[in-house]
Amino acid sequence: MKNEEALLLDNQLCFPLYVVSKEITRRYLPLLKELDLTYTQYITLLALWEKDHITVKELGERLYLDSGTLTPLLYKLENKGYIIRNKGEKDGRELIVCVTPEGYKLKEKALSIPSSIAKCVSLEKDEAKVIFEILRKVLQGFYGKQK
């Protein structure tokens, strides 16, 4: 590829990733509005529904979020009654995040969201699987770990 061709918008890997990410996130908005959640609050709850009683540090690593982003997010979820944060038993400086019964009730309400989003994306299951694998490989390249 010539140097100038490298600057063509259609040759930028980041551009379709950006547009697809933006569009998918936009499709979540009306679904999450019904639950009074932002997209970042939603993915935080997804991680916690998958593995409850984890440290803030573990949660941040799982979500690729720094503490400056995660702390106010957890504060808002705690104010809504979906999580609680407790000091760790072994290390009082550590905060353990736990889903409340109210947070688990919200999980039931969120069950239809993945299928609603899947309807917006015109991919077969095997195509989606390939994209997942490629994106996980890209993440591994950036972060050096597999989730």
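Quantities reported herein were computed from a predicted structural model and do not represent experimental measurements. (Residues numbered from 1 in each chain as written. Predicted model: local features only at pLDDT ≥ 70, side-chain atom pairs only at ≥ 80, totals over all residues. Heavy atoms only, no water.)

S.K.: Describe the overall build of the chain, with residues and values.
M.R.: Counting its regular elements, the chain contains 7 helices and 3 strands. The helix and strand sequence of the chain, counted from the amino end, reads α-α-β-α-α-β-β-α-α-α. In terms of principal-axis extent, the alpha carbons of the chain reach across some 60 × 35 × 25 Å. Going through the 147 residues of the chain one by one, you find that 24% of them count as buried. Partitioning the intrachain contacts of the chain with sequence separation of at least 6 by distance along the chain shows that 52% fall at a separation of at least 24. (Helix = DSSP H or I, 4+ residues; strand = E, 2+ residues; numbered from the N terminus. Buried < 20%, exposed > 50% of the residue type's maximum accessible area, 1.4 Å probe, protein only. Contact = heavy atoms within 4.5 Å.)

S.K.: Give me the confidence of the model for the chain: which residues, what numbers.
M.R.: With 97% of its residues at a pLDDT of 70 or more, the chain shows a mean pLDDT of 93. Of all the helices and strands in the chain, helix α6 (residues 113-120) carries the lowest mean pLDDT, 92, while helix α2 (residues 39-50) carries the highest, 98. (pLDDT = per-residue confidence, 0-100.)

S.K.: Explain the packing of aromatic side chains to me, using residue names and the numbers behind them.
M.R.: Under the defined criterion, the tally for this structure stands at 4 aromatic pairs. Centroid distance Tyr39 to Tyr42: 6.5 Å. Interplanar angle 45 degrees. Geometry classified as tilted. Of the two residues, Tyr39 and Tyr42 both sit in helix α2, 3 residues apart, roughly one turn of that helix. Tyr39 sits in the partly exposed class, given a relative accessible area of 29%. (Phe/Tyr/Trp six-rings, centres within 6.5 Å; stacked < 30°, edge-to-face > 60°.)

S.K.: Pulling in residues and values, what's your account of the environment of Ile131?
M.R.: When you line up the elements, Ile131 lands in helix α7 (residues 125-143). Given the relative accessible area of 38%, Ile131 is considered partly exposed. Sequence-wise, Ile131 and Leu70 are 61 residues apart; in three dimensions their C-alpha atoms are separated by 27 Å.

S.K.: Outline the pattern of salt bridges, supporting the account with residue identities and numerical values.
M.R.: Two side chains of opposite charge can pair, provided their charged atoms sit close to one another. Enumeration according to the criterion identifies 7 salt bridges in this entry. The residue Glu23 makes a salt bridge to Arg27 at a minimum N-O spacing of 2.9 Å. Taken together, the positions of Glu23 and Arg27, both in helix α1 (residues 14-33) and 4 residues apart, correspond to about one turn of that helix. On the basis of relative accessible area, Arg27 is assigned to the partly exposed category, the value being 35%. The partner of Glu102 in a salt bridge is Lys105, with the nearest N and O atoms 3.8 Å apart. With Glu102 and Lys105 both in helix α5 (residues 101-110) and 3 residues apart, the pair spans about one turn of that helix. Since its relative accessible area comes to 38%, Glu102 is described here as partly exposed. Residue Lys105 is classed as exposed on the basis of its relative accessible area of 52%. (Salt bridge = Lys/Arg side-chain N within 4 Å of Asp/Glu carboxyl O.)

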